[in-house]
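Spelled out, the chains give:
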Amino acid sequence: MLNQWTPKTTLIVAGVAVVGVWYLSGRGVEAVKEAGQAVNPINPDNVFNRGFNAVYGAVTGSEGTLGTDVADWSEELDEKYYQYTPLGVWGSIRAWWGDE
C-alpha cells in the first residue's frame, strides 16, 4: 500500500513541486539581479573592475587603483610645476607687484 500512487499522493507531490518552483523562481530573479550588477559597467564594484585592480595591484605593488594613482601623480605634478601654469605665473606677477 505504501508504493501506490493515490490522488492524495499526487496532490502532495504536485504541491511540493509548485512550492519548490515558486521558491527557486524567486531566488532566480535575485541571482539574475546579482549577475547583472556584477557586469554592470556603471557599478564600480563590477567583476571586470575588481579583476583589473587585482592585476594592477599585483603588477605595480600599489594599494590604490589606477585612477587614484593617476590622481596622486597629477597632484604631485601640479604642486611641482604650478609656477609654470598661467595661474602660477599670474600669482608670481601679483606677488612681485605687491598686489597680494
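Coordinates for the structure precede this section.
Reading the values: rules and limits
Residues numbered from 1 in each chain as written. Predicted model: local features only at pLDDT ≥ 70, side-chain atom pairs only at ≥ 80, totals over all residues. Heavy atoms only, no water. Helix = DSSP H or I, 4+ residues; strand = E, 2+ residues; numbered from the N terminus. Polar contact = N/O pair within 3.5 Å; in protein donor to acceptor, adjacent residues only side chain to side chain. Contact = heavy atoms within 4.5 Å. Phe/Tyr/Trp six-rings, centres within 6.5 Å; stacked < 30°, edge-to-face > 60°. Buried < 20%, exposed > 50% of the residue type's maximum accessible area, 1.4 Å probe, protein only.

1. Let's talk about the side chain of N46
Thought 1: Here N46 lies in the loop between α1 (7-38) and α2 (47-60).
Thought 2: For N46, the side chain forms a polar contact with the main-chain oxygen of N40, separated by 2.9 Å.
Thought 3: Among residues more than four places away in sequence, those in contact with N46 are Q37, A38, V39, N40 and P41.

2. Considering the environment of S62
Thought 1: Take S62: it is sitting in the loop between α2 and α3 (66-81).
Thought 2: Ignoring any residue separated from it by four or fewer positions in sequence, one finds S62 in contact with Y56, G57 and D69.

3. Quick look at the packing of aromatic side chains
Thought 1: Summed over the entire model, instances satisfying the criterion amount to one aromatic pair.
Thought 2: Measuring from ring centre to ring centre gives 6.2 Å for F52 and Y56, while their planes differ by 15°; the resulting arrangement is stacked. Linking F52 with Y56, this pair stays in helix α2, spanning four residues, or about one helical turn.
Thought 3: On the basis of relative accessible area, F52 is assigned to the partly exposed category, the value being 43%.
Thought 4: Y56 sits in the buried class, given a relative accessible area of 16%.

4. Focus on the side chain of N43
Thought 1: With respect to the helices and strands, the residue N43 is situated in the loop between α1 and α2.
Thought 2: Among the polar contacts made by the side chain of N43, one reaches the main-chain carbonyl oxygen of Q37 at a distance of 2.9 Å.
Thought 3: A distance of 3.0 Å separates a polar atom in the side chain of N43 from the backbone nitrogen of D45.

On their own, these measurements won't tell you what the molecule is for.
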